[in-house]
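# Remarks on the overall topology
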Amino acid sequence: MGKTLVLKELRSHLVSFRFLAGFVLLFVLVVVTAVVLTNDYVRKLDEYSARQAEIDRYLSQYAHFNRIGAVLRPSQPPIPFWALVRGLSADVNRDGFDDDPLPVMFPLIDLTFIVGVLISLLALILTYDAVCGEKEDGTLKLMLANGLPRSKIILAKAAGAGLTLAGPLVVSLAAGMLVILLHPKVDWSGIDWAALGLIVAGAAIYGGVFLLVGILVSSVHRSSASSIMTSLFIWTLLVLVVPNLSPYVASFLSPAPSRIMVARETERLGDTDRDDLGNKLQARYRAEVLQEYPVLAERLSEAEVKRRVAEDPLYRKAYEARRAAAERAWNEANRIQSAKIDEIRDDLRRKEEAQTGLARAISMISPLADFSYLATDLSSTGTRNQVHFGRLARLWSRSFDDDYRPKKVAAMRAKDPTVDTWNTAVDMSDAPRFRYAEEGLGGRIQAALPPFGVLAGCCVVLFAAAYAAFIRYDAR
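Note that the structure is predicted; figures quoted are calculated from it, not measured. Each chain carries its own residue numbering, running from 1 in the direction its sequence is written. Per-residue local features are limited, in this predicted model, to residues with pLDDT of at least 70; the limit for side-chain atom pairs, both in listing and counting, is 80 or more; totals at the level of whole chains, interfaces and linings are taken over all residues. Water and hydrogen atoms play no part in the side-chain values, which are based on all heavy atoms of the structure.

## Regarding helix α12 (residues 272-292)
Along an α-helix, a turn takes 3.6 residues, which lines up residues three or four apart on a common side. Counting from the N terminus, the helices are the DSSP runs of H or I reaching at least four residues and the strands are the DSSP runs of E reaching at least two. In this analysis, the expected span of each helix is defined as 1.5 Å times one less than the number of residues it contains. Along its 21 residues, α12 runs 31 Å from first to last C-alpha, staying within 8% of the 30 Å computed at 1.5 Å per residue. When checking whether two residues touch, look at their non-hydrogen atoms; a contact exists if any pair is within 4.5 Å. Where the residues of α12 are buried, they touch α14 (313-363).

Spelled out as structure tokens, the structure:
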């Protein structure tokens with residue numbers, strides 16, 4: 001009997017216009033999105049390769065330690081999942097706007113957007129009249145009069161709608177993946193495929209939430225017209241209002257300083273204030289050295305300094321003492337100012353993390369936010385990946401500053417003790433390069449478990465509520 005009821009639900013959905021329209025729209029959107037995002041990913045891949053080649057050329061010909069900060073700044077290479085899920089890669093940046101302003105002015109959609117908006121709407125459209133529609137047609141009274149248990153009826157409606165919704169989702173996604181796989185420059189790993197499977201499972205649970213919302217709403221209304229209005233109100237609240245309102249609520253409850261003001265303050269501390277302090281310390285330390293080595297008071301040409309450093313051991317000792325005093329002064333100035341800057345940035349980071357955590361907690365009331373967190377964490381395109389990237393970047397910076405640069409400076413001074421190590425061009429083609437490695441699947445799954453759990457819990461609660469409402473439903 002249960003199988004017959006499920007087949008009846010399937011037949012009624014599959015021959016309906018709403019199913020056909022939703023299927024066609026979903027299929028077209030997924031395929032077109034896959035084509036556009038794949039081309040966008042390949043373009044970014046080509047740009048990244050060209051940029052790395054230009055950096056290699058610069059490091060081998062023109063680099064010096066005073067001007068390599070921007071050149072060697074770690075950057076994340078395009079990841080294959082960007083052909084399907086954009087995540088935080090959609091952030092506005094000035095270079096991207098200068099190159100092509102259209103994606104910034106009219107953001108591209110991705111799988112997360114399609115599932116979040118279209119699947120939830122399609123689920124509600126399939127189920128808003130699941131119970132009240134049967135009552136209006138008189139079939140509900142007929143089924144109950146023939147002794148069909150209400151538990152089997154409600155289960156059949158949920159299963160039939162779920163199978164109906166899964167078909168378009170799987171077929172559309174398969175077509176989109178075919179587009180991606182046929183492109184020779186897109187290479188997905190086994191971890192990417194496993195992550196995609198989990199995202200599809202999350203999308204199925206997300207669709208199930210709205211299917212059950214539709215069944216619940218239809219079980220408390222007597223007409224389809226009032227049921228669809230209530231369903232759309234709930235959809236607007238959960239999909240549009242809560243996710244967009246949560247950042248404002250969080251910023252009110254947990255304020256953080258302005259990034260622009262912090263950037264201005266840290267720039268002042270690291271530029272003019274640092275120079276003032278460095279010059280003061282340098283003058284003080286040089287005066288101390290001058291007292292110990294009066295020979296440094298002589299005014300000599302650069303060529304004469306080089307000659308005496310090479311030929312006179314005493315003058316060379318005095319020269320190195322003066323250089324050590326200057327380095328000590330600037331190292332101390334950098335340390336003091338860096339400590340002030342770090343304190344300001346740490347305060348900003350703590351407050352932003354608190355604000356972000358609160359906004360995330362509030363937004364998780366919305367199933368759309370839960371699915372977005374789930375999809376971006378599993379695809380390694382969300383905030384978690386930004387933390388992972390920052391950790392890798394810090395490891396690379398320590399390797400460069402603590403290991404590579406001291407060795408390079410020592411080699412330069414071994415050749416010429418008077419060399420300006422900051423402003424002299426040096427071949428850095430052997431400098432350690434930043435290598436980005438995506439986070440493993442275990443960490444991604446661990447991050448995605450909370451939103452997965454919330455969505456699964458919503459399904460259980462909504463089904464129990466729909467069942468309780470249907471048990472008390474007046475079929476007359």
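## Notes on the environment of Gly 453
Residue position: Gly 453 is located in helix α17 (residues 441-471). Gly 453 sits 251 residues away from Gly 202 along the chain, and the two C-alpha atoms are 10.0 Å apart.

## A short note on the nonpolar core
The criterion is simple. A nonpolar core is a set of buried Ala, Val, Leu, Ile, Met, Phe, Trp, Tyr and Cys residues joined through side-chain atoms within 4.5 Å. Classification of residues uses two cut-offs on accessible area relative to the type maximum, computed with a 1.4 Å probe and protein chains only: under 20% is buried, over 50% is exposed, and between them is partly exposed. With 90 residues, the main nonpolar core has Leu 84, Phe 210 and Met 428 as its most contacted residues. For this core, the element with the most residues is helix α9 (residues 190-218), which contributes 12 residues. Once residues lying within four places of it in the same chain are set aside, the contact partners of Phe 210 are Ser 120, Ala 123, Leu 124, Thr 127, Trp 235, Leu 238, Val 239 and Pro 367. In this structure, Leu 296, Tyr 315, Tyr 319 and Ala 325 belong to the second largest nonpolar core, which totals 13 residues.

## Overview of the layout of surface pockets
In this structure, the second largest pocket encloses a volume near 270 Å³. With a 1 Å grid spanning the protein atoms alone, the term cavity applies to any set of points in which a 1.4 Å probe fits but cannot get out, the term pocket to an open set with protein on both sides within 12 Å along at least five of seven lines, and the term lining residue to any residue with an atom within 4 Å of a point. Glu 9, Ser 12, Arg 18, Asp 129 and Glu 134 are the residues nearest the centre of the second largest pocket, which is lined by 17 residues in total. Among the elements that take part in the lining of the second largest pocket, helix α1 (residues 2-14) stands out by supplying four residues, more than any other. Here the nonpolar group is Ala, Val, Leu, Ile, Met, Phe, Trp, Tyr, Cys and Pro; Asp, Glu, Lys and Arg are the charged ones; every other residue, Gly included, is treated as polar. For the lining of the second largest pocket, a count of residues per class yields four nonpolar, six polar and seven charged. Grid points are joined across faces, edges and corners, and a volume is the space filled by probe spheres set on the points.

## Some words on the side chain of Gln 76
As for its position among the elements, Gln 76 is in the loop between α2 (17-61) and α3 (94-99). Identification of polar contacts relies on pairs of N or O atoms within 3.5 Å, with a donor-acceptor requirement for protein atoms, meaning one able to donate a hydrogen and the other able to accept it, and with residues adjacent in sequence counted only if both atoms are side-chain atoms. Within the structure, Gln 76 has its side chain in polar contact with the side chain of Asn 385 (distance 3.3 Å).

## Structural notes on the confidence of the model for the protein chain
Values of pLDDT, the confidence the predictor places in each residue, fall between 0 and 100. Mean pLDDT over the protein chain stands at 88; residues scoring 70 or higher make up 95%. Residue range residues 90-98 is modelled with pLDDT below 50. Its contacts to residues more than four positions away, or to other chains, number four contacts.

## Digging into the packing of aromatic side chains
Each aromatic ring pair is characterised by the separation of its centres together with the angle its planes make. The rule is short: rings of Phe, Tyr and Trp, with Trp giving its six-membered ring, pair when the centres are within 6.5 Å, and they are stacked under 30 degrees, edge-to-face over 60, tilted in between. Applying the stated rule across the entire model yields 11 aromatic pairs. Relative to Trp 193, the ring of Trp 188 has its centre 5.4 Å away and its plane inclined at 50°; by these criteria the two rings are tilted. A residue is classified by how much of its surface remains accessible, and Trp 193, at 35% relative accessible area, is partly exposed. Put simply, the rings of Phe 65, Trp 396, Phe 400 and Tyr 404 touch in pairs and so form one group of aromatic residues. Whether a charge lies above a ring is judged from NZ of Lys or CZ of Arg, which has to be within 6 Å of the ring centre and within 35 degrees of the ring normal. Taking NZ or CZ as reference, Arg 150 lies 5.5 Å from the ring centre of Phe 470, over its face.

## Details of the packing of α1 against helix α8 (residues 150-181)
Here an axis means a line fitted to C-alpha atoms, over the contact stretch when the element is a helix, while the angle between two N-to-C directions is reported on a 0 to 180 degree scale. For the pair α1 and α8, interaxial distance at closest approach is 8 Å and the crossing angle is 45°. Here α1 lies oblique to α8, going by the angle between them. In terms of crossing hand, the pair formed by α1 and α8 is right-handed. Side by side, α1 and α8 meet where Gly 2, Leu 5, Val 6, Glu 9, Leu 10, His 13 and Leu 14 of the first sit next to Lys 152, Ile 153, Ala 156, Lys 157, Ala 159, Gly 160, Ala 161, Leu 163 and Thr 164 of the second. Across the contact of α1 with α8, the residue classes tally to nine nonpolar, four polar and three charged. Small angles under 35 degrees read as roughly parallel and large ones over 145 as roughly antiparallel, with 65 to 115 read as roughly perpendicular and the rest as oblique. Each helix crossing is assigned a hand: it is left-handed if the near helix lies turned anticlockwise from the far helix by less than a right angle, otherwise right-handed if that turn is clockwise.

## Observations concerning helix α11 (residues 259-270)
For α11, with 12 residues, the first-to-last C-alpha span of 16 Å sits near the 16 Å given by 1.5 Å per residue. Taken as a whole, α11 has its buried residues at Val 262, Thr 266 and Leu 269. Looking down the long axis of α11, one finds its buried residues gathered within 60° of arc, a one-sided arrangement. Exposed side of α11, more than 90 degrees from the buried face: Ile 260, Met 261, Arg 264 and Glu 267 are the residues found there. Against α12 and α14 lie the buried residues of α11. The residue sitting at the N-terminus of α11 and contributing the capping side-chain oxygen is Ser 258; that oxygen lies 3.2 Å from the backbone nitrogen of Ile 260. Summarising the geometry, the arc corresponds to the directions from the helix axis toward the C-beta atoms.

## Focus: the pattern of salt bridges
By salt bridge we mean one thing: a side-chain nitrogen of Lys or Arg within 4 Å of a carboxyl oxygen of Asp or Glu. Within this structure, the stated rule accounts for 32 salt bridges. Arg 268 is the partner of Asp 273 in a salt bridge, and the nearest nitrogen-oxygen pair spans 2.5 Å. Residue classification places Asp 273 among the partly exposed positions, given a relative accessible area of 24%. Accessibility expressed as a relative area gives 36% for Arg 268, which makes it partly exposed.

## As for the side chain of Asp 370
The topology assignment puts Asp 370 in helix α15 (residues 367-378). Charged residues are defined here as Lys and Arg on the positive side and Asp and Glu on the negative side; His and the ends of the chain fall outside this count. Buried charge Asp 370 goes without a salt bridge, the closest partner of opposite sign being Arg 360 at 7.3 Å.

## Things to note about unusual backbone geometry
Positive phi outside glycine occurs at Ser 380, with the angle close to 60°. Its location among the elements puts Ser 380 in the loop between α15 and α16 (383-415).

## Some thoughts on the environment of Pro 74
Relative to the elements of secondary structure, Pro 74 occurs in the loop between α2 and α3. Sequence spacing of Pro 74 and Tyr 436 is 362 residues, and the spatial spacing of their C-alpha atoms is 8.7 Å. When near neighbours in sequence (up to four residues on either side) are disregarded, Pro 74 contacts Phe 389, Ala 393, Trp 396 and Phe 434.

## Some thoughts on the packing of α11 against α12
Where α11 contacts α12, the axes come no closer than 3 Å and their chain directions differ by 20°. Overall, the two elements α11 and α12 adopt an arrangement that is roughly parallel. For the pair α11 and α12, contact is made by Arg 268, Leu 269 and Gly 270 and by Thr 272, Asp 273 and Arg 274, respectively. Residue classes in the contact of α11 with α12 are distributed as one nonpolar, two polar and three charged.

## Here we look at the state of the cysteines
The rule for a disulfide is simple: a pair of cysteine sulfur atoms within 2.5 Å. Inspection of every chain in the model, using the stated rule, returns zero disulfides. Between Cys 459, a cysteine without a disulfide, and Cys 458, which holds the nearest cysteine sulfur, the sulfur-to-sulfur distance is 7.2 Å.

## Points about a nonpolar patch on the surface
Put simply, a patch holds well-exposed residues, over 30% relative accessible area, that have no salt bridge, with like charges counted together within 9 Å and Val, Leu, Ile, Met, Phe, Trp or Tyr side chains within 5 Å. Accessible areas in this description were obtained via Shrake-Rupley with a 1.4 Å probe; residue shielding takes into account the shown protein chains only. There is a patch of nonpolar side chains on the surface, built from Phe 17, Leu 20, Val 24, Phe 27, Val 28, Val 32, Val 35, Val 36 and Val 171 and spanning about 760 Å² of accessible area. When residues in the nonpolar patch are grouped by element, the largest group, eight residues, is from α2.

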